[in-house]
Amino acid sequence: MLRAVIDRTFDGWRDRHWFGWLFVPVLLIAAVDAVWLLSSDLTISEGSYFRIAQVVGMAGAALACSYLCRDIERLRTLFIGAAVMLAAWPSLRLFNHLTMTIDAPLADSWLAAADLALGFDWKAYVAFADQKVWLVNGMRLTYGSLTDYTALLFLILVCREGARRRCAELIRLFLATAIFCMAAGAFFPAVAAMTYYQVPDGTFQLFSPRTGAYHLDLLLSLRTDPRHVLDLDHLPGLVTFPSFHTAMGVVGIYCARGSWPLFTVMLAINLVMIASTPIFGSHYAVDVVAGALVSMVAIAVDRRMFRPQRQSERRAGAWSPAAVTSPI
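Residues numbered from 1 in each chain as written. Predicted model: local features only at pLDDT ≥ 70, side-chain atom pairs only at ≥ 80, totals over all residues. Heavy atoms only, no water.

Enquirer: Just checking my understanding: could you explain the layout of surface pockets for this structure?
Expert: Rolled over the atoms, a probe as big as a water molecule pinpoints where empty space is left. Volume-wise, the largest pocket comes out at about 1,200 Å³. Only helix H4 (73–99), helix H7 (133–144), helix H8 (146–159), helix H9 (163–185) and helix H12 (244–255) provide two or more residues apiece to the lining of the largest pocket. Broken down by element, the residue count for the lining of the largest pocket peaks at ten residues, all from H4. Residue classes in the lining of the largest pocket are distributed as 25 nonpolar, 13 polar and two charged. (1 Å grid on protein atoms, 1.4 Å probe; cavity = no way out; pocket = protein on both sides within 12 Å on 5 of 7 lines; lining within 4 Å. Points joined across faces, edges and corners; volume = space filled by probe spheres on them. Helix = DSSP H or I, 4+ residues; strand = E, 2+ residues; numbered from the N terminus. Nonpolar A, V, L, I, M, F, W, Y, C, P; charged D, E, K, R; others polar.)

Right, here's the structure in full:
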């Protein structure tokens, strides 16, 4: 009976304050960023201060709109989701780059050895894709559009039944996988596969030695320049292991469940995107495997912590006096 009372109390509080769960990790990461910057010689550019003020203002405006639309559940969900994602953007970007200043040894040799153990030949995989222009175009489009079609998925979920629960689920999983991948990735910095394998220029028809290596200059600067200036408008993702693109691909497929048309489209898009990560993200195969595992663990934990309220209500009903005294 005690467990049923605790579950009902917790679920009731969570149901009333569901949006608070979304802001907590964002605020914690922002606090980590602030302390890290104040305790190091790293700085952010003047334009970044303006960008942060702009994003905070937009997030505040979205929260104000959510209050004005508090009686319209879908609009409230839309504006709260927008506020969380706007606030998360600078916090996570800065966190990703700050963690890469940790003096961990480059992990490329270990990651390449893991690929060898998995039986994955990175060069052969790229050579296979290099012969198919249509496949490469699809890979390039999906890899570069992850943010766009994830935002579109959020908008679609807003319009569906149970919008608040599904949208909150998508945002929670995004934050959980992003934070974990960035924190873990700090201990596995890598120049990534295209650079590590030293592919000569002209080896592939559709790819150059700089494909997937957009992060390299910033990574090396963060590791060698203690007075590096961070510019929010030029902070690409730096995580190699585990692959965040893969983690979000799995999350996108999972959150599209319940509607066969939506699920089918998200499955096709995200499978192509995940297949593109070894090339356009210059990832090793083990990065992809780790990214998928991160997302599956996050989903399992989320399902446990934020299970639908009706489950706890059924448990409470099973322990109620009426349930105990009523005949079977």
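Enquirer: Would you take a moment to explain the packing of H9 against H12 for this structure?
Expert: How two helices pack is summed up by the angle between their axes together with the distance between the axes. As a packed pair, H9 and H12 sit with axes 10 Å apart at the nearest point and diverge in direction by 165°. Here H9 lies roughly antiparallel to H12, going by the angle between them. H12 is crossed by H9, and the crossing has right-handed handedness. Packed against H9, whose contacting residues are Arg-166, Glu-169, Leu-170, Leu-173, Phe-174, Thr-177, Ala-178 and Cys-181, the element H12 presents Phe-244, Ala-247, Met-248, Val-251, Tyr-254 and Cys-255 at the interface. Each residue belonging to the contact of H9 with H12 can be placed in one class, and the counts come to eleven nonpolar, one polar and two charged. (Axes fitted to C-alpha atoms, helices over the stretch in contact; angles between N-to-C directions. Parallel < 35°, antiparallel > 145°, perpendicular 65-115°, else oblique. Left-handed = near helix turned anticlockwise from the far one by under 90°. Contact = heavy atoms within 4.5 Å.)

Enquirer: Would you mind going over the confidence of the model for the protein chain with me for this structure?
Expert: Interpretation of the predicted coordinates at a detailed level should be avoided for regions scoring low in pLDDT. Chain-level pLDDT for the protein chain is 87 on average; 88% of the residues reach the 70-or-more range. Low pLDDT, under 50, characterises residues 5–17; the predicted model gives this stretch 16 contacts beyond four residues in sequence or across chains. Across residues 309–328, confidence stays below pLDDT 50; counting only partners more than four residues off in sequence or on other chains, it has 16 contacts. (pLDDT = per-residue confidence, 0-100.)

Enquirer: What exactly am I supposed to notice about the packing of aromatic side chains here?
Expert: By convention here, two paired aromatic rings are described through the distance between centres and the angle between planes. Evaluated as defined, the whole model comprises twelve aromatic pairs. Taken together, the ring pairs connect Trp-122, Tyr-196, Tyr-197 and Tyr-284 into an aromatic cluster. In this structure, Arg-70 packs its charged tip against the face of Tyr-67, placed 4.2 Å from the ring centre. Taking the ring centre of Tyr-254 as reference, the NZ or CZ of Arg-257 above it sits at 3.9 Å. (Phe/Tyr/Trp six-rings, centres within 6.5 Å; stacked < 30°, edge-to-face > 60°. Lys NZ or Arg CZ within 6 Å of the ring centre and 35° of its normal.)

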